[in-house]
Amino acid sequence: MTVDELKFREDFFLGIDKKRQFNATISAMYNQQLTDLDYCSQRSDMDVLERKADNIARCMLDWKIDVYDKSRAKIIGDVYRCKDKFCYNCQSLLALQRFYTYRPILDRYAKDHELFHVVLTQPNVQGRYLKRTVELMFDRFHYLIGYFNGHKKVRGIDFEKYGYVGAVRSLEVTQNRKTKLYHPHFHCMFILRKGLSKTDDFVPWLYNSFSPDYSGKGKGDRIYTTFELLLQRMWCLLIMRKKITLENIRNIDELLPRYPDGFSVVVNPANGQYHEIFKYATKGAFKKGTMDDYAAFNTLESVLYNRRIYQTYGCLHGYDFNEVDDTLGLNDTTDTTFNQFLLSLREKEVPRTETENIGDVINNVRAGDRYYSKTVFRKRIEEYISND
C-alpha cells in the first residue's frame with residue numbers, strides 16, 4: 001500500500017458535510033421539544049434536550065489536526081462525535097465499525113454452515129401504534145426462534161432439517177411520506193445447515209401476492225421458495241397471535257382472510273454480504289426524508305428510547321452487536337508504509353496542532369493539502385461514504 005492510498009479524498013469530507021446538514025434539523029427538533037410539555041416536565045429534562053441539541057449541532061464540525069507545513073500533510077488526531085442515535089454521521093460510522101467488528105465472527109461460522117439474510121415485515125402502521133407493534137415484533141421473534149432451536153414443536157413440520165445453530169436480528173423503521181404510515185421490519189442473519197440452499201425447500205417455485213415488483217427499480221417479480229412460504233405464514237400467525245399448527249399454516253387464507261399469503265418475508269443466501277444486518281434503525285428514515293418531520297422524529301425517538309436494536313441467539317448469544325468501540329478509527333493497526341511516512345515528516349519538521357472546521361478542511365483539500373489518519377485506512381473509512 002502506497003502513502004497516496006492512505007490519503008483521504010475530498011469525497012470523504014463532502015459526504016460528512018452532507019450528512020451534517022441533517023444535524024441542524026435534528027438539533028432544531030430537540031430545541032422544539034424544549035417548548036413541548038410532553039418532553040419537559042422538569043428542569044433536568046430541559047438540560048438533557050439542550051445538551052442533545054448542542055452536541056448534535058457540533059458533531060464532526062471541528063477537527064484536531066497535526067499540521068506539517070513544509071509537506072502540506074495533515075494528520076487527523078481527533079474529531080468531536082455526538083454519538084446521538086439520530087446523528088447520520090455517527091450512526092453511519094458505528095454501522096461500519098460494527099461490520100468490521102463482527103464480520104469475522106460470521107465468516108467463521110460460514111465455513112461450516114450456511115448464512116441466510118432474512119427480512120421479516122408486516123403491514124405498515126400508524127405512529128400511535130408503532131411502539132406496541134415493535135414490542136410485539138420483538139416478543140414474537142423470540143417465539144419464532146423457539147421453533148428452530150427445538151424448544152417448540154409443530155406436529156408435521158421438521159425444523160431440525162434446517163440445522164439451526166444461531167441468529168441475529170436488527171430493527172429498522174422507515175416511513176411512507178405520502179401515507180405517513182411506519183414500516184417496522186427485521187433484518188436477520190440465520191446460521192443454518194451447510195448446503196441448505198441446494199435443497200428442494202430453497203428452490204423458487206411459488207408466485208403469490210408478494211411477488212409483483214412495484215419498486216420501479218426493475219428487479220422483476222419474485223418467485224418464492226418453500227422455506228419463504230413457511231416463514232411468511234408463521235410470522236403472520238405469530239404477529240396475529242394465532243396458534244402455529246400445520247393446519248393453520250396450510251389454511252391461513254381461511255383463518256386470516258385478510259392475509260391469505262401471510263406477511264412478506266424474503267430469504268437470500270448471505271454469500272458473505274452482511275451490510276444489511278449491520279444497518280442502524282433509522283437509516284431508511286434519513287434516506288426517505290422522514291427526519292425533517294417533527295411528528296415522525298418524536299414517534300421514532302419514543303419507539304427507540306432505550307431500545308436494544310440488535311439481539312443475538314444460539315451460537316451468537318455471547319456477542320452483543322449493540323456494543324462496539326464507537327470511535328472514528330476502525331481499530332486498524334497502522335501499517336509500515338504509514339509509519340515510515342510519518343517518520344519522514346517528523347525528520348523535516350515538528351508539527352503544530354490546530355483545529356479546522358469541516359468547511360476549511362474541504363477547501364484545504366481542494367487547495368492541495370493532504371489529510372491522513374493515524375488509525376484509519378482510507379479505503380475502509382471511505383466505504384462509509386460509498387455504502388451508506
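Remember, predicted model here, so these are calculated numbers, not experimental data.

A. Structural detail: the nonpolar core. Counting 103 residues, the largest nonpolar core has Phe13, Trp63, Phe141, Leu144, Phe190 and Trp235 as its most contacted members. For this core, the element with the highest residue contribution is helix H4 (residues 127-148), accounting for 10 residues. Counting residues in hydrophobic clusters, the runner-up holds 9 residues, among them Leu6, Tyr68, Ile75 and Phe341.

B. Structural context of the packing of helix H1 (residues 10-33) against helix H9 (residues 294-304). As a packed pair, H1 and H9 sit with axes 11 Å apart at the nearest point and diverge in direction by 80°. Relative to H9, the element H1 is oriented roughly perpendicular. Contacts from Ile26, Met29, Tyr30, Gln32 and Gln33 of H1 reach H9 at Tyr294, Phe297, Asn298 and Glu301.

C. How the structure looks around H9. Across the 11 residues of H9, 9 count as buried, placing the element largely inside the fold. The complete set of buried residues in H9 reads Tyr294, Ala296, Phe297, Asn298, Thr299, Leu300, Glu301, Val303 and Leu304. Its side-chain oxygen placed 2.9 Å from the backbone nitrogen of Ala295, Asp293 serves as the N-cap of H9. Residue Asn306 follows H9 closely and has a positive phi angle near 55°.

D. Region of the structure containing the sheet that holds strand E6 (residues 265-269). A sheet is described by the order of its strands in space; here 5 strands give the open sequence E6-E3-E5-E4-E7, paired in antiparallel fashion. One side of each edge strand has no neighbouring strand; the edge strands of this open sheet are E6 and strand E7 (310-314). Each strand of the sheet is rotated relative to its neighbour by a mean of 20°, with strand direction disregarded. Running at roughly 130° to strand E3 (residues 113-120), helix H3 (residues 88-110) makes contact with E3, strand E5 (182-193) and E7 of the sheet. Contacting E3, strand E4 (166-175), E5 and E7, H4 runs over the sheet at an angle of about 15° to E5.

E. Region of the structure containing the sheet that holds strand E8 (residues 352-357). Taking strand neighbours across the sheet as the criterion, the 4 strands line up as E8-E1-E2-E9 in an open arrangement whose pairing is mixed. With partners counted over all chains shown, the strands left at the sheet margins are E8 and strand E9 (370-373), one partner each. Geometrically, the sheet is characterised by an average inter-axis angle of 40° between neighbouring strands, direction not taken into account. For strand E2 (residues 73-79) and E9, the ladder comprises 4 bridges, and the chain directions are parallel. Within the sheet, the bridge partner assigned to Ile76 lies in E9 and is Ser373. Lying on the sheet, helix H11 (residues 358-366) is in contact with strand E1 (62-68), E2, E8 and E9; it crosses E8 at an angle near 105°.

F. Geometry of the packing of aromatic side chains. Taken as a whole, this structure holds 29 aromatic pairs when the rule is applied. Considering the side-chain rings of Phe341 and Tyr372, the 4.8 Å spacing of their centres and the 55° angle between planes classify their relative orientation as tilted. Of this pair, Phe341 sits in helix H10 (residues 336-348) while Tyr372 sits in strand E9; the two residues are 31 residues apart in sequence, bridging distant segments of the chain. Taking relative accessible area as the criterion, Phe341 reaches 10% and is therefore assigned buried. Under the relative-accessibility criterion, Tyr372 is labelled buried at 1%.

G. Fine view of the packing of H1 against H3. H3 packs onto H1 with a crossing angle of 125° between their chain directions and a minimal axis gap of 8 Å. The angle between the axes of H1 and H3 places the two elements in the oblique class. In contact with Gly15, Ile16, Lys19, Arg20, Phe22 and Asn23 of H1, H3 contributes Tyr88, Asn89 and Ser92.

Each value, and the rule that gives it
Residues numbered from 1 in each chain as written. Predicted model: local features only at pLDDT ≥ 70, side-chain atom pairs only at ≥ 80, totals over all residues. Heavy atoms only, no water. Core = buried A, V, L, I, M, F, W, Y, C linked by side-chain atoms within 4.5 Å. Buried < 20%, exposed > 50% of the residue type's maximum accessible area, 1.4 Å probe, protein only. Helix = DSSP H or I, 4+ residues; strand = E, 2+ residues; numbered from the N terminus. Axes fitted to C-alpha atoms, helices over the stretch in contact; angles between N-to-C directions. Parallel < 35°, antiparallel > 145°, perpendicular 65-115°, else oblique. Contact = heavy atoms within 4.5 Å. Polar contact = N/O pair within 3.5 Å; in protein donor to acceptor, adjacent residues only side chain to side chain. Pairing = 2+ DSSP bridges. Phe/Tyr/Trp six-rings, centres within 6.5 Å; stacked < 30°, edge-to-face > 60°.

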